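Architecture at a glance
As a plain string of letters, each chain reads:
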Amino acid sequence: MLRLVASNPSPGAVIRLEGVRLRRGGRDVLDGLDLAIPQQGITAIMGPNGAGKSLSLRVMAGLVRPDDGGVFHGLTDPQDIALVFQKPVLLRRTVRANLRHALAIYGVPRRERRKRLGELLDFGRLAAMADSPARALSGGEQQRVAMVRALAARPRLLLLDEPTASLDPQATDAIESLILDAAAFGTTVVLVTHDRGQATRLADHIRFLHKGTLTEAASADQFLLAPKSPEAQAYFAGKLLL
Amino acid sequence: MTGFGDAFAAAFGLIARMDADLVEIVGLSLRVTLSATLCACLLGFPLGAILAVGRFPGRGVLTVLVNALMGLPPVVVGLVVYLMLSRAGPFGALGLLYTPTAMIVAQTILVTPIIAALARQTVADLDAEYHETLRSMGAGAGARMRTLLWDGRFALMTAALAGMGRALAEVGAVMIVGGNIDHVTRVMTTAIALETSRGELTLALGLGIVLMVLSLALNALVMGARLSGARMSHA
């Protein structure tokens, strides 16, 4: 029985997936997934390709409806949850117009938009490129715009799907700074990443997925030092195949 | 061939000295065509966006219908509008038959399906790219349609251009509802048809040349605006 419920998850969690099952192409890509995201800090979801990491983010964001299971959270406003994709899709407009559009979608009153727009451009260090066509920017700059656009909603839960997967170290550093800033402002962050270094730099908690199920949930310190599950151990040894 | 050459020379002469009749006919043609294209855009763009983004029963049937209506025969549209606007028709009291307004109505009906069908395709293609992003932002159907129409604005200019081309070249519908009345409803296409049938090739050719040049100029103008705008905003 599918349950998509906006209700309190378990204590200390901002969102919880319970027994989530999703069937695609004749196989269960999420296979009874139980996953609770802690209220505080940054949670990294790790696992091999095809483990169901990105799909679990989409289920949390409400973009994908699971075939079975429950999604529990107390986030009643759709803008409480924001999602940033690996490949940002920016509108065919300037950076400023992209952010103005987002503020309008988020229902920010017209008289407040100019002030908020200025704050967002400063926050993302985007002021110098505010009037450039967003799609003419570099990949790293585009991802920064996408991050700032997501944060314009002032979400309580920020979901990031490998946001630095195709970026150089400098652009990665800029995105990671924004992630840390968002977390410092009290936003719960869920980050899908393959990068152990990034998990070390950013994550407070790790959730390790394999074949659509959770195989390990631990603090980042503990997990990155010595993962307990055989799947995670094999993954870091470069031996885990889907 | 001498007659043909003479007719051409006389036609260029009409154009060169801005013959009053020619200017009047060209002016009315532009007024009717541009008004009809504008009305069709106001109707066709939202309709195309609704068909592309909306999820409602009958959407598939409506899409097929709009696509099929792209091939509407102008004389049939002219006949239907004539019946609607004639004294015994439901809108007869408005007294619009044989006026430029009736011609605009007929051409709007002809052109709207073309613009709507092309807009639907443009918006649907863009929606495939934007869908997840806009949904993740919590955009409702109305906001999504507005976003897609604005971001597809340069491609939609081509749809408008296709509609305008149809309106500018059309003769059957405007002939029936306008009546081709001198100084009232005579436009380029109806005048060419009339003058040719009377053997008055000079004015017919002059109008034909103007029609071709206007069509080329309008296309070049819109395509230029489209390309430079698209380049500037990387659309």
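The structure displayed is predicted, hence computed values, not measured ones.

Looking now at the overall build of chain B. Secondary structure summary: chain B contains ten helices and zero strands in total. Traced from its N-terminal end to its C-terminal end, chain B shows the element sequence α-α-α-α-α-α-α-α-α-α. Projected onto its principal axes, the C-alpha coordinates of chain B cover approximately 70 × 50 × 25 Å. For chain B, with 235 residues in total, the buried portion stands at 46%. Looking at chain B alone, contacts between residues at least 24 apart form 75% of all its contacts between residues at least 6 apart.

Another point: the interface of chain A and chain B. Listed per partner, the contact involves 20 residues of chain A and 20 residues of chain B. For the pair chain A and chain B, the summed buried area comes to about 1800 Å², and 55% of that belongs to carbon and sulfur atoms. Across the contact surface, chain A and chain B share four salt bridges. Here Glu132 of chain B makes a salt bridge to Arg58 of chain A, at a shortest N to O gap of 2.9 Å. Inspection of the region where chain A meets chain B yields nine residue pairs in polar contact (both at pLDDT 80 or more). Elements represented by at least two residues in the side of chain A that touches chain B include exactly β6 (81–84) and α2 (95–105) of chain A. If one sorts the elements of the side of chain A that touches chain B by residue count, α2 of chain A sits on top with three residues. Class assignment for the residues of the side of chain A that touches chain B results in twelve nonpolar, three polar and five charged.

Taken as a whole and judged by the stated rule, the model has 18 salt bridges over all chains. Residue Asp151 of chain B pairs with Arg93 of chain A through a salt bridge whose shortest N-O separation is 2.6 Å. In this pair, Asp151 of chain B is assigned in helix α6 (residues 141–151) and Arg93 of chain A in the loop between β6 and α2, connecting two distinct chains. Across this residue pair, the class does not change: Asp151 of chain B and Arg93 of chain A are buried. Each of Arg21, Arg23, Asp28 and Asp31 of chain A takes part in a single network of salt bridges with overlapping partners.

Turning to a nonpolar patch on the surface, a few remarks are in order. Residues Val75, Val76, Val80, Met84, Phe91 and Leu94 of chain B make up a contiguous nonpolar surface patch of about 510 Å² in total accessible area. When you line up the elements, Met84 of chain B lands in helix α4 (residues 74–85).

Before going further, it helps to examine the packing of helix α2 (residues 20–53) of chain B against α6 of chain B. Residue and element names in this part refer to chain B. Put simply, α2 and α6 touch, their axes get as near as 10 Å, and they point 120° apart. In terms of axis orientation, α2 runs oblique to α6. In the crossing of α2 with α6, the sense of the turn from one axis to the other is right-handed. Touching Phe45, Pro46, Ala49, Ile50 and Val53 of α2 are Arg144, Met145, Leu148 and Leu149, all from α6. For the contact of α2 with α6, the per-class residue count stands at eight nonpolar, no polar and one charged.

Further remarks concern the nonpolar core. Leu158 and Ile179 of chain A together with Phe45 of chain B are the most contacted members of the largest nonpolar core, which totals 80 residues. Counting residues in hydrophobic clusters, the runner-up holds 28 residues, among them Ile15, Val20, Leu30 and Leu83 of chain A.

It is worth spelling out the side chain of Thr133 of chain B at this point. Residue placement: Thr133 of chain B occurs in helix α5 (residues 100–136). Accessibility expressed as a relative area gives 5% for Thr133 of chain B, which makes it buried. Apart from the residues within four sequence positions on either side, Thr133 of chain B is in contact with Phe85, Val89 and Arg149 of chain A.

Position of Glu129 of chain B among the secondary structure elements: in helix α5. Taking the relative accessible area as the measure of exposure, Glu129 of chain B reaches 31% and is therefore partly exposed. Once residues lying within four places of it in the same chain are set aside, the contact partners of Glu129 of chain B are Val89, Arg92 and Arg135 of chain A.

Attention now goes to the sheet that holds strand β7 (residues 157–161) of chain A. Residues and elements named next belong to chain A. Strand order in the open sheet made by the six strands is β6-β7-β8-β4-β9-β10, with mixed pairing throughout. The two strands at the open ends of the sheet, each matched to only one other strand, are β6 and β10 (213–219). Adjacent strand axes in the sheet meet at a mean angle of 15°, parallel and antiparallel pairs treated alike. Here β6 runs beside β7; their pairing, made up of four bridges, is parallel. The residue bridging Ala82 from the neighbouring strand is Leu158, located in β7.

This brings us to the state of the cysteines. Residue and element names in this part refer to chain B. A complete count under the given rule lists zero disulfides over all chains for this structure. No disulfide involves Cys39; its sulfur sits 9.4 Å from that of Cys41, the nearest cysteine. Look at Cys39 and you get partly exposed, because its relative accessible area is 32%. The exposure class of Cys41 is buried, given its relative accessible area of 12%.

Let's shift gears to the confidence of the model for chain B. All names here are of chain B. Averaged over all residues, the pLDDT of chain B is 92; the fraction at 70 or higher stands at 98%. Of all the helices and strands in chain B, helix α1 (residues 2–16) carries the lowest mean pLDDT, 80, while α5 carries the highest, 97. Across the whole predicted complex the pTM is 0.87, and at the interface the ipTM reaches 0.88.

Once that is clear, we can look at the packing of aromatic side chains. Residue and element names in this part refer to chain A. Within this structure, the stated rule accounts for six aromatic pairs over all chains. With centroids separated by 5.6 Å and ring planes inclined at 65°, the aromatic side chains of Phe223 and Phe236 adopt a geometry described as edge-to-face. Remark: Phe236 occurs in helix α8 (residues 230–236) and Phe223 occurs in helix α7 (residues 220–225); sequence separation between them is 13 residues. In this structure, Arg196 packs its charged tip against the face of Phe236, placed 4.1 Å from the ring centre.

Parameters and conventions
Along each chain, residue indices are assigned from 1 in the same order as the chain's sequence is written. Each chain is given a letter, starting from A, and each ligand a number, starting from 1, according to the order in which they appear as written. Restriction of local features to residues with pLDDT of at least 70 applies here, the model being predicted, together with a cutoff of 80 or more for giving and counting side-chain atom pairs; totals for whole chains, interfaces and linings are based on all residues. Note: side-chain values were computed over all heavy atoms of the structure, leaving out hydrogens and water. Numbering goes from the N terminus for both helices and strands, where a helix is a DSSP run of H or I of at least four residues and a strand is a run of E of at least two. Classification of residues uses two cut-offs on accessible area relative to the type maximum, computed with a 1.4 Å probe and protein chains only: under 20% is buried, over 50% is exposed, and between them is partly exposed. The contact criterion used is simple: two residues touch if any of their non-hydrogen atoms lie within 4.5 Å. Reported buried area values correspond to the accessible surface (1.4 Å probe) lost by two parts on association, with both partners' losses combined. Salt bridge, as used here, is a side-chain nitrogen of Lys or Arg placed within 4 Å of a carboxyl oxygen of Asp or Glu. What qualifies as a polar contact is a pair of N or O atoms within 3.5 Å, subject to a donor-acceptor requirement within protein and to the restriction that residues adjacent in sequence count only when both atoms come from side chains. When residues are grouped by polarity, Ala, Val, Leu, Ile, Met, Phe, Trp, Tyr, Cys and Pro land in nonpolar, Asp, Glu, Lys and Arg in charged, and all others, Gly among them, in polar. Only residues above 30% relative accessible area that lack a salt bridge enter a patch, with like-charged residues linked at up to 9 Å and the nonpolar side chains Val, Leu, Ile, Met, Phe, Trp and Tyr linked at up to 5 Å. Under the convention used here, a 1.4 Å probe and the Shrake-Rupley method define accessible areas, while residue burial counts only the protein chains that appear. A fitted line through C-alpha atoms serves as each axis, taken over the contacting stretch for helices, and the angle formed by two N-to-C directions is quoted from 0 to 180°. By the definition adopted for this analysis, an angle is roughly parallel if under 35 degrees, roughly antiparallel if over 145, roughly perpendicular if from 65 to 115, and oblique otherwise. Handedness of each helix crossing follows the sense of rotation of the near helix against the far helix: counterclockwise by less than a right angle gives left-handed, clockwise gives right-handed. Within this scheme, the nonpolar core is defined by two criteria: the residues are buried Ala, Val, Leu, Ile, Met, Phe, Trp, Tyr or Cys, and they are joined through side-chain atoms within 4.5 Å. What makes two strands pair is DSSP finding at least two bridges between them. For the purposes of this analysis, a disulfide is any pair of cysteine sulfur atoms at a distance within 2.5 Å. On a range of 0 to 100, pLDDT expresses the predictor's confidence in each residue. Under the pairing criterion, centres of Phe, Tyr and Trp rings, with the six-membered ring standing for Trp, must be within 6.5 Å; the plane angle then separates stacked pairs below 30 degrees from edge-to-face pairs above 60, leaving the rest tilted. Each ring is checked for a lysine NZ or an arginine CZ that lies within 6 Å of its centre and within 35 degrees of its normal; such an atom marks a charge sitting over the ring.

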